[in-house]
Each structure stands twice: as structure tokens, then as C-alpha cells.
Amino acid sequence: MKELLEVIAKNLVDHPEQVSVTESQKEKSLVLELKVAPEDMGKVIGKQGRIAKAIRNVVKAAAIHEDKHVVVEILS
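Since we're looking at a predicted model, the values are computed, not measured.

## Things to note about helix α1 (residues 2-12)
The α-helix winds at 3.6 residues per turn, so residues separated by three or four positions along the chain end up facing the same way.
Part 1 of the reasoning: Along α1, the residues that are buried comprise Leu5, Ile8 and Ala9. Down the axis, α1 shows its buried residues gathered within 95 degrees of arc, on one side only. For α1, exposure combined with an orientation more than 90 degrees from the buried face picks out Glu3 and Asn11.

## Structural notes on the sheet that holds strand β3 (residues 70-75)
Part 1 of the reasoning: An order of β1-β2-β3 is seen for the three strands of this open sheet, with the pairing classed as mixed. Unpaired on one side and paired on the other, β1 (20-26) and β3 mark the two borders of the sheet. Taking the axes of each pair of neighbouring strands and ignoring which way they run, one obtains an average angle of 20 degrees across the sheet.
Part 2 of the reasoning: Running at roughly 150 degrees to β3, helix α3 (residues 50-65) makes contact with β2 (29-35) and β3 of the sheet.

## Regarding the pairing of β1
Part 1 of the reasoning: In this structure, β1 lies alongside β2, joined through seven bridges in antiparallel fashion. Each bridged residue has a counterpart across the sheet, and for Gln25 the counterpart in β2 is Leu30.
Part 2 of the reasoning: Linkage of β1 to β2, two consecutive antiparallel strands, is achieved through a turn of two residues, within which Glu27 is found at a positive phi near 50 degrees.

Here is what the cut-offs are and how they apply
- Residues numbered from 1 in each chain as written.
- Predicted model: local features only at pLDDT ≥ 70, side-chain atom pairs only at ≥ 80, totals over all residues.
- Heavy atoms only, no water.
- Buried < 20%, exposed > 50% of the residue type's maximum accessible area, 1.4 Å probe, protein only.
- Helix = DSSP H or I, 4+ residues; strand = E, 2+ residues; numbered from the N terminus.
- Arc of directions from axis to C-beta.
- Pairing = 2+ DSSP bridges.
- Axes fitted to C-alpha atoms, helices over the stretch in contact; angles between N-to-C directions.
- Contact = heavy atoms within 4.5 Å.

Shown next as C-alpha cells:
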């Protein structure tokens, strides 16, 4: 899941070298925290959060395939 999120984010932003994803376990969920350069936040979130929602949907769909529950958090 972590690699999938990194690939998606790096292809959206202008500064792919500043993309980082950290993975942690909370209760029954896998939490992925995505950090990007401040000037790339708009590209990752999108208008009205549409791109962020799409990213979450893709990662969740991949997680369901592996029988896991994943939460994606976008940090500034």
C-alpha cells in the first residue's frame, strides 16, 4: 500500500523528491501519512478534495483486495 501511494503522489506533484509516506498501525487499521512539499498540496488535494478522495479510493480498493483496512492522511 505504501508503494502504491508513493507512486500516485510522485506522479501528481512538481517536487517528487519531497514526497514521503509513513506507515503505522492503529487498532485494526493501517494508517498511511502522506507528506508533500507545501506548494504541491493543492495538486494532491484538488478542487473540493476530489483528487484526495480519488487517491483514498484507489488505495482502499487495493487494500480490500488484500483484506486490509487502510486510512490515508494527507499532512501539510
